[in-house]
Amino acid sequence: MSGAVRWVCLCALLAACSSARGTSAESTTTSTIATTTTAVPTTTEPTTTTTTTPPTPTRVVIEQDWIAFGTAVDVTLHYPSRRVERIGFHQSNNEGSRRIEPLDTGIPATTMESRERLSDPNSSADVVVDPESDIRAPVSGTVVSSGSYDLYCGLFDYFINIEPDDHPGWRVKVLHITGLAVHNGDRVVQGETVIAPTARQLPFSSQVDDLRTVDPAWPHVHIEVVDPSIPNVPNPGSGYENC
C-alpha cells in the first residue's frame, strides 16, 4: 500500500473514532426528580361549650306606708302590711261582699279565675305580705267582733270584723292572721293600730299562691267589705263540699 493510501485510511479511521466519542458525550441522561410531600398537621380548634345559667328569680317587694289599695263603694281599704308583694282579687263566699275597685299603687294586682260563686270577681282581696311583718288595720273604725272560725273541715283560723268610719253598719272582714291584738269594742286607726302579730301561712296551697314568682309562697291577708243588709245566699264552691 502506498503512503498516500495509508494516509487516507488513517484519516478515515480517526474521523470515525471522533464521531463515536461525540455521540457518547451527547447521549441524553434522563434523571427522575423525586418529589417529597411533607404532611402539614391539621390544627383543630378546641370546642368551648358555654352553659348559660338563667338568673335566679328575685322576689319583688314594695315598701309603702300602708297606702290605700282599693275602694268598695265609699270604703277605702289600705294595705295591712308595710311590705307587700302582690294582691289577688277573687270571689267572696258572701253575697253581701261589695266589689273592690283597685287603685294603681305600683304593686301587681290580678283578678283571679272564677270560683264559681255568686259574688263579684273583685269582692275579696288576698294581700300577699312579708311573713315577719305585723298586720295593721286596713280602715279606721271599731272592732265589732273577732275570734276564731272553722276555715276548712276543722281547720281553724282567726277573724276580725271592723265597722268602718267611712260607712257605719258595714263590716270590713280580715282573715288569715296568727292571733288577735285587739278586742271587741276597740278603736282602730288604719295603718297605725296593730290588729294581729303576723299573717298566717295556710297549710295548703291557695289560689293566690299561683301568682308567686319565687318559692316559698308568702302568706296573705284576706280582706273584704260586707253589707250585712244583703242576704247571704249559700254559695257553691265554698270549699266544704269535700269535707
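Residues numbered from 1 in each chain as written. Predicted model: local features only at pLDDT ≥ 70, side-chain atom pairs only at ≥ 80, totals over all residues. Heavy atoms only, no water.

## Focus on the overall build of the protein chain
Argument step 1. Along the backbone of the protein chain there are one helix and 14 strands.
Argument step 2. Burial status across the protein chain gives 37% buried among its 243 residues.
Argument step 3. Considering only contacts in the protein chain between residues 6 or more positions apart, those separated by 24 or more positions represent 67%.
Argument step 4. Carbon and sulfur atoms make up 55% of the accessible area of the protein chain, which totals about 14,100 Å². (Helix = DSSP H or I, 4+ residues; strand = E, 2+ residues; numbered from the N terminus. Buried < 20%, exposed > 50% of the residue type's maximum accessible area, 1.4 Å probe, protein only. Contact = heavy atoms within 4.5 Å. Areas by Shrake-Rupley, 256 points an atom, 1.4 Å probe, with all protein chains shown as cover.)

## Considering the pairing of strand β14 (residues 220–226)
Argument step 1. Burial of β14 is extensive: seven of the seven residues sit out of reach of the surface.
Argument step 2. Alternating residues of β14 divide into His-220, His-222, Glu-224 and Val-226 and Val-221, Ile-223 and Val-225, and every residue in both groups is buried.
Argument step 3. Relative to β14, strand β7 (residues 124–129) runs antiparallel, the two being bridged by four bridges. Across the sheet, the residue bridging to Ala-125 is Ile-223, located in β14.
Argument step 4. Looking at chain direction, strand β11 (residues 171–175) and β14 are connected through five bridges and run antiparallel. Bridge pairing in β14 places Arg-171 opposite Val-226. (Pairing = 2+ DSSP bridges.)

## As for the packing of aromatic side chains
Argument step 1. Summed over all chains, the structure comprises three aromatic pairs.
Argument step 2. Seen in terms of ring centroids, Phe-69 and Tyr-79 are 5.1 Å apart; in terms of plane orientation they differ by 25°. Their pairing is stacked. Separated by 10 residues along the polypeptide, Phe-69 in strand β2 (residues 68–72) and Tyr-79 in the loop between β3 (75–78) and β4 (83–90) bring together distant segments of the chain.
Argument step 3. Given a relative accessible area of 1%, Tyr-79 falls into the buried group.
Argument step 4. Between Tyr-152 and Phe-204, the ring centres sit 6.1 Å apart and the planes meet at 50°, which makes this aromatic pair tilted. Note that Tyr-152 is positioned in strand β9 (residues 141–152) and Phe-204 in the loop between β13 (194–196) and β14, a separation of 52 residues in sequence.
Argument step 5. A relative accessible area of 34% places Phe-204 in the partly exposed class. (Phe/Tyr/Trp six-rings, centres within 6.5 Å; stacked < 30°, edge-to-face > 60°.)

## Notes on empty space enclosed by the protein
Argument step 1. Summed over the entire model, instances satisfying the criterion amount to one cavity of 30 Å³ or more.
Argument step 2. Volume-wise, the largest cavity comes out at about 50 Å³.
Argument step 3. Every residue along the wall of the largest cavity is listed here: Glu-85, Arg-86, Val-128, Val-208, Asp-209, Arg-212, Ala-217 and Trp-218.
Argument step 4. Residue composition of the lining of the largest cavity, grouped by class: four nonpolar, no polar and four charged. (1 Å grid on protein atoms, 1.4 Å probe; cavity = no way out; pocket = protein on both sides within 12 Å on 5 of 7 lines; lining within 4 Å. Points joined across faces, edges and corners; volume = space filled by probe spheres on them. Nonpolar A, V, L, I, M, F, W, Y, C, P; charged D, E, K, R; others polar.)

## Some remarks on the side chain of His-78
Argument step 1. Within the secondary structure, His-78 sits in strand β3.
Argument step 2. Within the structure, the side chain of His-78 is placed 3.1 Å from the backbone oxygen of Trp-66, a separation counted as a polar contact.
Argument step 3. In this structure, His-78 is in contact with Trp-66, Ile-67, Ala-68, Phe-69, Pro-138 and Gln-190, ignoring residues within four places of it in sequence. (Polar contact = N/O pair within 3.5 Å; in protein donor to acceptor, adjacent residues only side chain to side chain.)

Shape is all these values report; function is a separate question.
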